[in-house]
Structure formats: C-alpha cells, structure tokens
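Listed here are the chains, written in short residue letters.
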Amino acid sequence: MNLELKAEVLEEFSGNRLDRFLKLSLGDEVSRASIQKWIESGYVRNQEDKVQDKSSLKVKEGDQYSISVPPRPPLNLEPVQMSLPVILERENYLIIHKPAGIASHSGPGDRSPSLVNGLLYHFKDLSKAGGEARPGIVHRLDKPTEGLILIAKNDKAHGKLSELFRKREIEKKYYAWVQGHPPEESGTIDLPISRHPVERLKMTISPKGRRSITHYKVLKYINSRTGRKFSFVEVGLETGRTHQIRIHFQSQRCPVVGDLLYSRAGSQFESYGLQLLSFFLKFKDPFTGESIEATLPLTERFLRFEKNAPLI
C-alpha cells in the first residue's frame, strides 16, 4: 500500500524547482534523488490530480501537491564504505560517531546508503534482534543529526541495551544552535508529541500524543549585525520521541538552525546542516557494571556556524 504525502507551497518556497520544494517540505529522511525518481515515475500530482513528472517545474504560492510513495523497495543490505569513527568499544557493544546526512536505517522509498550499510562494511558481528533491516541498531538519530550512537554486537547486548533505554537509564545530551532566544535561560518543555495527521513524515504537538519531556540550558546568546538572534543550548532528554528536540524548540518559536522540516528559515542555513549534535552518552555497562561515558567535541560545521552567526 502506497504512503500518501501532501505539501502546499508557502510564499517563501515560491519559484523553487518542484524537486527542491518537495525536498524542503518532506525534510531530511528522504533524499532528493528519491524525490526525483518519484516525480519521473508519475507519483506526484497537483491539486487538479494531474501528474507532475518534471523535476524542473517551478512551483508557486498556493500550489498543492500529493505524493503517492511506492512501497518500500527490497532491502539494500550491501556493505558500503563510509567513515564511522569508533569512540568506545567493548566486547558486546560499541559507540560510534554517526555523521550528518546518513539515515540510521532506510526510510520510506529511499535506497540511499544508510548507517546499516556502513556498519556491515566495518563490523562482522552485529545483533539481529532489531530485525533483518536494522542489524546492530538499538536506537536512532535523525538523518541530519550528527553524534554518538550505540551499536549492539549481539542479540544479548541488544536486549540489555534496549532495556536501559526503556527504563531511561541512559543519559543523553545534545548541543543545538536554535533561532531566537528561548523564554528562559534554563527550563523544561513538557508537551505531548504525535504523528502529524496530514504530513506523515512530520511530528506535531498534540494533546493526544505521548508525553515528551525536554530539559535545556542556554550556554550562549548571539545577536547578529542584521538583528537575528541565536542561542546555543545544551539539551537533555527525559523521553526519546521522534524529532523531539526539533518539534519542542519549534513550539517555543526557536527552531533548530538548519531544520528543513520544522523551520521556514531552515533553507537559509542549509550550508551548515542541522545544528544538532548528540555529544554525550552515559550509562552503566549492563554486563560489568562499569560506568560508561562517551563525549564528542563540537565538530567543524558547528564551529563554522558560531564564527559566522554574528555576520548573518
């Protein structure tokens, strides 16, 4: 059964090519190459139900498009060479640095290489408890999110690590640059999150959603010479919902810089990528009881944004 997606052209997207507009509307889990294939294959229709099969078509404000995403293609489980620095390794699991732009596993209709393909290239032993399509994957980071991710080498480790996540016994911290200034220097965002009723690749704040709790602390403020405001925040998650940090900060009118899915200004910062870094993991080794900590320093694109933000 095909997945139906919809997108309406807002003023700021008017004049874009159809493939670029759909990429900006659908966000980071779908590659532009996949979108172009959908267009060429006749899966995209306008509000008059006419097939739009040219990626170069210029869209205008008020246009509405529907995309009938084909069923998930056959699994692509071929090893692919990619840089996956190992931050820490133990007998039963390891912690790696996932680069931005790589999905944790294949998304809807998207066959571009994922973290799974890289793991299969680098590591011989991986758990299978998460399913055939997700060897080693215990938890995930969004495609544009960079940072630390736990990988299980065997099914026993997968079960024990999953239990730590379920019991909220793994401490996770993130750094993020957000637009604007949050209402308080430190605070908690406690708002329920559910799947968006229409735009199925998005999440939304909804009273019918699952409880979601985000703690934050502002570490730095920047006001640019053009009057733009940015804040550098440290974020701690009490729950781990899909897109939680991104949707919670958007709800405070402080979307994460470079967020193509939840920020109307996201494309203005596209060259920096999504400014969200999973930089800290802490937990008790379920096999030995050892206290495990892993940290990442700020990477080049975060430092580059901080340097350029006063001039933006």
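A short tour of the structure in this document, coming up.

Scoring rules and cut-offs
- Residues numbered from 1 in each chain as written.
- Predicted model: local features only at pLDDT ≥ 70, side-chain atom pairs only at ≥ 80, totals over all residues.
- Heavy atoms only, no water.
- Helix = DSSP H or I, 4+ residues; strand = E, 2+ residues; numbered from the N terminus.
- Rg over C-alpha atoms; globule rule 2.2 N^0.38 Å.
- Buried < 20%, exposed > 50% of the residue type's maximum accessible area, 1.4 Å probe, protein only.
- Areas by Shrake-Rupley, 256 points an atom, 1.4 Å probe, with all protein chains shown as cover.
- Phe/Tyr/Trp six-rings, centres within 6.5 Å; stacked < 30°, edge-to-face > 60°.
- Lys NZ or Arg CZ within 6 Å of the ring centre and 35° of its normal.
- Axes fitted to C-alpha atoms, helices over the stretch in contact; angles between N-to-C directions.
- Parallel < 35°, antiparallel > 145°, perpendicular 65-115°, else oblique.
- Left-handed = near helix turned anticlockwise from the far one by under 90°.
- Contact = heavy atoms within 4.5 Å.
- Nonpolar A, V, L, I, M, F, W, Y, C, P; charged D, E, K, R; others polar.
- Pairing = 2+ DSSP bridges.

1. Considering the overall build of the chain
(1) Moving on: Looking only at helices and strands, one finds six helices and 14 strands in the chain.
(2) Moving on: In terms of overall size, the chain behaves like a compact globule, its C-alpha atoms giving a radius of gyration of 20 Å where 312 residues would be expected to give roughly 20 Å.
(3) Moving on: Expressed along its principal axes, the backbone C-alpha trace of the chain runs to roughly 60 × 50 × 40 Å.
(4) Moving on: For the chain, with 312 residues in total, the buried portion stands at 51%.
(5) Moving on: Accessible area of the chain: about 15100 Å², with a carbon and sulfur share of 47%.

2. Some details on the packing of aromatic side chains
(1) Moving on: This model, assessed by the stated rule, comprises 13 aromatic pairs.
(2) Moving on: When the centroid spacing of 5.2 Å and the interplanar angle of 90° are considered together, the rings of F230 and F305 count as edge-to-face. With F230 in strand 12 (residues 229-237) and F305 in helix 6 (residues 300-308), this pair connects stretches of sequence that are 75 residues apart.
(3) Moving on: The exposure class assigned to F230 is buried, which follows from its relative accessible area of 1%.
(4) Moving on: By relative accessible area, which is 0% here, F305 ends up buried.
(5) Moving on: Through pairs of rings, three or more aromatic residues link up here, namely Y175, W177, F230, F232, F269, Y272, F279, F280 and F305.
(6) Moving on: In this structure, K160 packs its charged tip against the face of F287, placed 5.7 Å from the ring centre.
(7) Moving on: In this structure, K173 is placed above the aromatic ring of F280, and the distance from its NZ or CZ to the ring centre is 5.0 Å.

3. As for the packing of helix 1 (residues 18-26) against helix 2 (residues 32-40)
(1) Moving on: Where helix 1 contacts helix 2, the two axes come as close as 9 Å, and the packing angle between them is 125°. Here helix 2 runs oblique to helix 1, going by the angle between their axes. Crossing of helix 1 against helix 2: the hand is right-handed. Every residue of helix 2 that contacts helix 1 at L18, D19, R20, L22, K23 and L26 is listed here: R32, I35, Q36, W38 and I39.
(2) Moving on: Across the contact of helix 1 with helix 2, the residue classes tally to six nonpolar, one polar and four charged.

4. Remarks on the pairing of strand 5 (residues 93-98)
(1) Moving on: Within strand 5, six of the six residues are buried, which leaves the element mostly enclosed by the surrounding structure.
(2) Moving on: The two faces of strand 5 match: Y93, I95 and H97 on one face and L94, I96 and K98 on the other face are all buried.
(3) Moving on: Relative to strand 5, strand 4 (residues 86-89) is paired through three bridges, and the arrangement is antiparallel. For V86, the partnering residue across the bridge sits in strand 5 and is I96.
(4) Moving on: Sheet topology places strand 5 next to strand 6 (residues 146-152); six bridges connect them, and they run antiparallel. Across the sheet, H97 pairs through a bridge with L148, a residue of strand 6.

Everything listed here is a matter of geometry and, on its own, says nothing about what the molecule does.
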